[in-house]
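Examination of the molecular architecture
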Amino acid sequence: MIEDVIDKCPRIETERLVLRKWEERDLEGLVQMNADPLVMEFFPAVMSRQDSERMFERLIAKQVKYGFGTPVVEERASGRFLGLCGLGIPTYPEPLPFDPCVEIGWWLIPDAWGRGIAQEASRIWLRFGFETLCLNEVVSFTSAVNRRSEKVMQKLGMVRDASEDFDHPLIEEGHPLRRHVLYRLSKEKYLEREDG
Ligand SMILES: CC(C)(COP(=O)(O)OP(=O)(O)OC[C@H]1O[C@@H](n2cnc3c(N)ncnc32)[C@H](O)[C@@H]1OP(=O)(O)O)[C@@H](O)C(=O)NCCC(=O)NCCS
């Protein structure tokens, strides 16, 4: 079966980046990134070491179960951990209104912002998702106030339908970060952009 022969998270190298699976050595980078208030501006709180260790375990578990789990972005020249970016399957304890889905997401250390790294890595994983994994759609979502993240979605050609905005099930009622926007990219739309 095709599922058995495709590596769903290959190691991909570009001139400046390595995109790859999670390894044990990435934990420290994740802990530091998630403890940075700038990175966590649009999340309810910075993450403790213990929170990040749990997140790391979840990412590794998804990698084992689905073959990918929002992979690592590494600086090629130095081997430095820059963050995570790519395809993943949300596995919250409560369902999202648009489940089941494959999402594309990005979290980078501030040193890596403003250099087009989220764009570069996302374009590679979208191509892989549509052309190799034969996905029909990829979604992305973020808090409605996270304009930087929404801009990445727009630049990737993803489309928002405001009637699909939703309240994130893990954020309490009345919290300013609860309202989320949903962007979708269909295979047809992706192919149109690639051809045009
Ligand atoms: C969201 C996040 C990944 C966006 O990072 P980013 O570096 O702004 O995103 P991009 O890769 O799209 O880079 C865009 C900027 O790089 C610049 N850039 C430089 N070279 C570029 C290139 N070759 N291609 C594209 N953009 C380039 C652009 O000018 C652009 O700036 P602009 O915003 O003025 O248009 C980053 O802010 C982040 O990690 N935030 C914290 C975590 C978070 O909120 N994640 C989202 C959770 S839903």
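Here the structure is a predicted model, which is why all the values come from computation and not from measurement.

Quick look at the site of the ligand now. Neighbouring the ligand are 20 residues; Trp106, Leu108, Gly114, Ala118 and Asn146 lie closest to it. Residue tryptophan 106 places a main-chain N or O atom 2.7 Å away from a nitrogen atom belonging to the ligand. At a separation of 2.9 Å, an oxygen atom of the ligand approaches a polar backbone atom of alanine 118. Burial of the ligand by the protein amounts to 70% of the accessible area it has alone, namely 950 Å². At the level of elements, strand E5 (103–108), helix H4 (117–132), strand E6 (137–143) and helix H5 (147–155) are the ones that each hand at least two residues to the shell around the ligand. With 5 residues, the single largest contributor to the shell around the ligand is H5. Its residues assigned to classes, the shell around the ligand shows 10 nonpolar, 6 polar and 4 charged.

On to the environment of phenylalanine 128. Among the structural elements, phenylalanine 128 can be located in helix H4. The spacing of phenylalanine 128 and glycine 86 is 42 residues in sequence and 10.0 Å in space, taken between C-alpha atoms. If near-sequence neighbours (up to four positions away) are discounted, phenylalanine 128 is found in contact with Asp7, Lys8, Pro10 and Leu133.

Looking now at the packing of aromatic side chains. Geometrically, a pair of aromatic rings is defined through the distance of the ring centres and the angle of the planes. Scanning the model with the defined rule gives 8 aromatic pairs in all. Residues tryptophan 22 and phenylalanine 56 carry aromatic rings whose centres are separated by 6.0 Å and whose planes lie at 80 degrees to one another, so their mutual orientation is edge-to-face. A residue pair is termed long-range when its members are at least 10 positions apart, and tryptophan 22 in the loop between strand E2 (17–20) and helix H2 (27–34) and phenylalanine 56 in helix H3 (residues 49–66) qualify at 34 residues. Classification of tryptophan 22 as buried rests on a relative accessible area of 4%. Take phenylalanine 56: its relative accessible area is 5%, and that puts it in the buried class. Pairwise contacts between aromatic rings join Trp22, Phe56 and Phe81 into one cluster.

It is the contact of H4 with helix H6 (residues 187–195), at a shortest axis distance of 11 Å, that shows an interaxial angle of 120 degrees. Here H4 is positioned oblique relative to H6, judged by the angle of their axes. Considering only the axes of H4 and H6, their crossing is left-handed. Residues Arg123, Leu126, Arg127, Phe130 and Glu131 of H4 form the contact with H6, whose participating residues are Lys187, Tyr190 and Arg193. Split into classes, the residues belonging to the contact of H4 with H6 amount to 3 nonpolar, no polar and 5 charged.

The peptide bond linking aspartate 99 to proline 100 adopts the cis configuration, its omega dihedral lying at -5 degrees. Following the sequence through the fold, proline 100 ends up in the loop between strand E4 (81–88) and E5. Positive phi outside glycine occurs at cysteine 134, with the angle close to 60 degrees. As for its placement among the helices and strands, cysteine 134 is situated in the loop between H4 and E6.

With respect to the helices and strands, aspartate 26 occurs in the loop between E2 and H2. Of the polar contacts made by the side chain of aspartate 26, one reaches the backbone nitrogen of glutamate 23; its length is 2.7 Å. With near-sequence residues (within four places) excluded, aspartate 26 lies in contact with Arg20, Lys21, Phe56, Val72 and Phe81.

What counts, and at which threshold
Residues numbered from 1 in each chain as written. Predicted model: local features only at pLDDT ≥ 70, side-chain atom pairs only at ≥ 80, totals over all residues. Heavy atoms only, no water. Near = heavy atom within 4 Å. Polar contact = N/O pair within 3.5 Å; in protein donor to acceptor, adjacent residues only side chain to side chain. Areas by Shrake-Rupley, 256 points an atom, 1.4 Å probe, with all protein chains shown as cover. Helix = DSSP H or I, 4+ residues; strand = E, 2+ residues; numbered from the N terminus. Nonpolar A, V, L, I, M, F, W, Y, C, P; charged D, E, K, R; others polar. Contact = heavy atoms within 4.5 Å. Phe/Tyr/Trp six-rings, centres within 6.5 Å; stacked < 30°, edge-to-face > 60°. Buried < 20%, exposed > 50% of the residue type's maximum accessible area, 1.4 Å probe, protein only. Axes fitted to C-alpha atoms, helices over the stretch in contact; angles between N-to-C directions. Parallel < 35°, antiparallel > 145°, perpendicular 65-115°, else oblique. Left-handed = near helix turned anticlockwise from the far one by under 90°.

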